[in-house]
Amino acid sequence: ELTRTMAVNLRAVTSWVGIARLFAVVLSCLAFSLVASTGDFRGPYGTWCMFTWCFCFAVTLLVLLLELLELYPKLPLSWDDFTSAFSMLAALMVVTTSVVFPSIFISSPCSGSKCARQAVATAASCLCFLAYAVEVGLTRAKPGDISSFLSTVPGLLKVFEAYVACLIFSLLDPYGSEAGLQWCVAVYSICFIFTLLIIIFTIGRCLTYLPCPLEKMMVGYNALALMMYITATILWPLYSFRGRSRPDPCGRNCWWDRHLGVTFLTIFNLIAYLVDLVYSTKMVFVRTP
């Protein structure tokens, strides 16, 4: 009775999802605190790592507080879609940071207290990724349940596709007047914008304004995006590396490595859109009893 009077939902921190979020809060806080104590997080990569840990810590703590105090129903958004999308985004951001930070800031041989703190921060970041991955697995919609779109496999893939597109944008450099490369950038931009709009419309409960059901629209959009990414997968390496050999030496910010990274990320998104098309097609044409 006291808990009901205080309007406190203890399941927000005692359920498996709540425990995973608590671990994520503690581990992300530990990671950015240790790195901040070293003072070695300058430059774009260090800024990205610190932003990731601080952003995930702050938003996850806010989610916990809103669920603990049962304030989230008053927000003008789909809470299940928001938390599913954020946990997927946080998992992707933290796993990227867990790879980037040690490769950039931990030197070999590694010795001293500074290196030890950086190593512990890296381990905490890896465990933080596991916590978010567990949350994604626990909140993922069961087969046949489409009450919250972003917790389904196609919804989670939408977050993945948008994040990979952001990584591609971070690796792009002035691509000149090559028509093939301009088309690839157009593909990345168009697909990113439409994918982001789908995520925003879903979280903002604006799907009723769409002229057709979301599931059927997804089939058409994914088929179109897949065909566009097929062309980008062919044209990007063709125009990027044609007649150009890898420079020697090729430093940390070498154009060859960036273009190679864009090539692999394009392939990743191509596979994601293919899987997305398969799942969205099953959602429309195969009904689970």
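All values reported here derive from a predicted model rather than from experimental measurement.

Student: Mind laying out the domain arrangement of the protein, listing which residues take part and the relevant values?
Tutor: Per the domain assignment, the segments making up the protein are domain 1 (1–145) and domain 2 (152–288). Here the C-alpha centre of domain 2 lies 26 Å away from the C-alpha centre of domain 1. When domain 1 packs against domain 2, the two sides together hide about 1,400 Å² of surface, and 72% of this comes from carbon and sulfur. The largest share of the area that domain 1 buries against domain 2 comes from Met88, Leu92 and Arg140, three residues that together contribute 26% of it. There are zero salt bridges connecting domain 1 and domain 2. In this assembly, domain 1 and domain 2 are joined by four residue pairs in polar contact (both at pLDDT 80 or more). Counting residues per element, the side of domain 1 that touches domain 2 draws most heavily on helix H5 (residues 79–105), at ten residues. Among the residues making up the side of domain 1 that touches domain 2, the classes are represented as 14 nonpolar, four polar and three charged.

Student: Please provide a residue-by-residue account of the packing of helix H3 (residues 16–38) against helix H6 (residues 112–139), values included.
Tutor: The N-to-C vectors of H3 and H6 enclose an angle of 160°; their axes lie 8 Å apart at closest approach. One way to sum up the angle between H3 and H6 is to call them roughly antiparallel. By crossing handedness, the relation of H3 to H6 is classed as left-handed. Of the residues assigned to the contact of H3 with H6, the class counts are 19 nonpolar, six polar and four charged.

Student: Any details on the environment of Thr83? Residues and values, ideally.
Tutor: Mapping Thr83 onto the fold places it in helix H5. Remark: the alpha-carbon pair of Thr83 and Val59, spanning 24 residues in sequence, is separated by 9.8 Å. In terms of polar contacts, Thr83 uses its side chain to reach the backbone carbonyl oxygen of Asp80, at 3.1 Å.

Student: Before we move on, could you go through the packing of helix H9 (residues 214–241) against helix H10 (residues 255–285) and cite the residues and values that matter?
Tutor: Packing of H9 against H10 leaves a shortest axis separation of 8 Å and a crossing angle of 160°. In this view, H9 runs roughly antiparallel relative to H10, as classed from their interaxial angle. Of the two possible hands of crossing, H9 and H10 adopt the one that is left-handed. Of the residues contributing to the contact of H9 with H10, the split by class is 23 nonpolar, nine polar and three charged.

About the criteria used
- Residues numbered from 1 in each chain as written.
- Predicted model: local features only at pLDDT ≥ 70, side-chain atom pairs only at ≥ 80, totals over all residues.
- Heavy atoms only, no water.
- Domains from an automatic or database assignment.
- Buried area = accessible area lost by both parts, 1.4 Å probe.
- Salt bridge = Lys/Arg side-chain N within 4 Å of Asp/Glu carboxyl O.
- Polar contact = N/O pair within 3.5 Å; in protein donor to acceptor, adjacent residues only side chain to side chain.
- Helix = DSSP H or I, 4+ residues; strand = E, 2+ residues; numbered from the N terminus.
- Nonpolar A, V, L, I, M, F, W, Y, C, P; charged D, E, K, R; others polar.
- Axes fitted to C-alpha atoms, helices over the stretch in contact; angles between N-to-C directions.
- Parallel < 35°, antiparallel > 145°, perpendicular 65-115°, else oblique.
- Left-handed = near helix turned anticlockwise from the far one by under 90°.

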